[in-house]
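# Structural features, examined
Letter by letter, the chains look like this.
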Amino acid sequence: MGILLKEVSFGYGDKRILDKVSLAVREKEHIGILGCSGGGKSTLLKLLSGLYTVKEGYCEVEGETKPEGIRKQVAMVMQTPGVFPLSIRENITCGHPISEEKVWEAVQAAQLEEWVRSLPEGLDSLVEERGSNLSGGQAQRIAIARAIAKDAPVVLLDEPTSALDGETADALLRAMEPLTKGKTVIHVTHREETIQGYDRILVLREGKLFEKESL
Amino acid sequence: MRRVFQLFQNRKRAVCFTLLCCMGSVLSSLFWNKELAVLIDRVQEGNGLYREGVVRCSIYLIWAALFHGGMQFLSAYTGEYAVHDLRMSLAKVTMKREYGEVARENGSEPVSVLQNEMEDINRYVSENLFTLCTTVISFILTLLFLLTQNVRLTIFYLLPVAGLALYTTVSGKVIYRYTKIEQEQQKKMNGITGVLLNVFPIVRIFEAERLLEKRYQSRIAGWNDAVVAQERVKARLMSVSGMLSCIPLVLLMSAGGSMILKGSLSIGTLYAFVNLSGNVSGVMINISVHLANFRRFCGNLERVRECLQEKGDWDHGDFTERG
């Protein structure tokens, strides 16, 4: 089993965001989750990525139940790319011993190769604070390359194209194909067209998860 | 300079009264010193105090107290109202804008920069601007006073001050360069802290804590080196400056002393010189600091003006409404 959630509830203070959510995702299954803003989509991903600890219910990701273990099993691309003011290489490897070849593979898969090769310092070019010297698409591609380089069995996508214009968003979705191929994927979004072709589409409404067909 | 006049154009009367009080306060100090010189000379000649002298001293003391108090009050009042006018002008320009535009900018970096500029203007106006006016007035009037007392002694003790002023200017520039490096390093260090908060989830998921910690440590080390270099240079240059600043006084005492021995200068006048010399030499030595602060203030005003012009119109804003 890739991911297993059993009656997971979560909230901030008195406000309940997720209410007894249950979900079973097979290995390599692609799940799209639709929902409006504030519906709990991002909270669900934070639980699945081990950023939040499940206090009510049960959560298992690739056989791991503790947040530290879960974090090792997932790679995530968020709405804001979250780039570090370090070199492109460090942004991709995050300081882990990843070979040059693997880094270039990730760069190529994220469709960054042409741009990186055009830079005088290549992979060692510095990214400025908050990615101010990058376009939104370039920053997000670096985030994708980082996720590819991690090579985790589970990929979580938190509206990665929502801050981009239509053309860039389409190109980015294509760049994400190598990231999601052969992985268990949970993609939360409010735009259904970005999760076309997924194995299952679920809807998160008022803290509860439904199969789209059942609505 | 135009921007400074613009800032105070609604408070012309208050500015005039403040400047008059500054002049009155400086004049009272000069007359007081003149009277002290006469008293010292009389005592040195073996004559006692005289009634007119005591009455004049009392008048000067009351005069000084009144004008100094008035100056303090008026400078604070004028400064506060001038900055208030500027704030109100900014508020009016903001009120005229679209709600969405204002809401988008709320809490953003340009707004925070603008607030910092306003804070700097407020601080300079309340702490430095009228002090600078008093210093300039005091410099001019004291120099004229000293020249009327003894031209040779005045020129003799002020000549090396020009060299000192040059040294202060050059050392100020060197310190400024180091300060800028230190500020840049601090900005980089703060940048990493800001980034840590911003990308915290990514750091956790991709286990980048060690990488960022390493980078943060290297930035702290960079900042630490910059601070040490800055303080070292500052200490060296300032200690030399402190030593050199004694030269005018030494010259004044030696030249004044020999003039007294020759009978061309009285002890009372030398006392007045020693008492007032700082009003002239101090300003000359620190002229670069005063100018740098004033230029920074003008820069703050200019940036606020640019911001107001972008969002409204400074030249047709609140500043001209009260005339």
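Fair warning: this is a prediction, and the values are worked out from it, not measured in the lab.

Here we come to the interface of chain B and chain A. Each partner contributes residues to the interface: chain B has 16 residues there, and chain A has 17 residues. Taken together, the elements giving at least two residues each to the side of chain B that touches chain A come down to α6 (151–198), α7 (200–205) and α8 (209–244) of chain B. Its residues assigned to classes, the side of chain B that touches chain A shows 10 nonpolar, 2 polar and 4 charged.

A few words now on the sheet that holds strand β1 (residues 3–12) of chain A. Residue and element names in this part refer to chain A. Across the sheet, which stays open at both edges, the 3 strands sit in the order β2-β1-β4 with antiparallel pairing between neighbours. Bordering the open sheet on either side are β2 (15–25) and β4 (56–61), each of which pairs with just one other strand. Geometrically, the sheet is characterised by an average inter-axis angle of 25° between neighbouring strands, direction not taken into account. Summarising the sheet, β1 and β4 pair through 5 bridges and their orientation is antiparallel. Paired with L5 across the two strands is C59, which belongs to β4.

Residues and elements named next belong to chain A. With their axes 8 Å apart at the nearest point, helix α4 (residues 100–109) and helix α6 (residues 136–150) run at an angle of 135° to one another. Between α4 and α6, the angle falls in the class oblique. α4 and α6 meet at a crossing whose hand is right-handed. Taken together, the residues of α6 that come into contact with α4 (itself represented by K102, V103, A106, V107 and A109) are A145, I148 and A149. Here the residues of the contact of α4 with α6 sort into 7 nonpolar, no polar and 1 charged.

Below, the discussion takes up the nonpolar core. Judged by nonpolar contacts, the single largest core of 69 residues is most densely connected at V74(A), I144(A) and A145(A). For I144(A), the contacting residues outside a window of four places in its chain are V77(A), A110(A), A175(A), M176(A) and L179(A). Judged by nonpolar contacts, the second largest core, of 13 residues, contains A37(B), F145(B), A272(B) and V280(B).

Another point: unusual backbone geometry. All names here are of chain A. At E62, a residue that is not glycine, the phi angle is positive and equals roughly 50°. Within the element layout of this structure, E62 appears in the loop between β4 and α2 (67–73). Note on E62: 18 C-beta atoms within 10 Å, which makes it partly exposed. Even without a glycine there, the phi angle at E206 is positive, about 50°.

Reading the values: rules and limits
- Residues numbered from 1 in each chain as written.
- Chains lettered and ligands numbered in written order.
- Predicted model: local features only at pLDDT ≥ 70, side-chain atom pairs only at ≥ 80, totals over all residues.
- Contact = placed C-beta atoms within 7 Å.
- Helix = DSSP H or I, 4+ residues; strand = E, 2+ residues; numbered from the N terminus.
- Nonpolar A, V, L, I, M, F, W, Y, C, P; charged D, E, K, R; others polar.
- Pairing = 2+ DSSP bridges.
- Axes fitted to C-alpha atoms, helices over the stretch in contact; angles between N-to-C directions.
- Parallel < 35°, antiparallel > 145°, perpendicular 65-115°, else oblique.
- Left-handed = near helix turned anticlockwise from the far one by under 90°.
- Core = buried A, V, L, I, M, F, W, Y, C linked by C-beta atoms within 7 Å.
- Buried ≥ 20, exposed ≤ 12 C-beta atoms within 10 Å, placed from the backbone.

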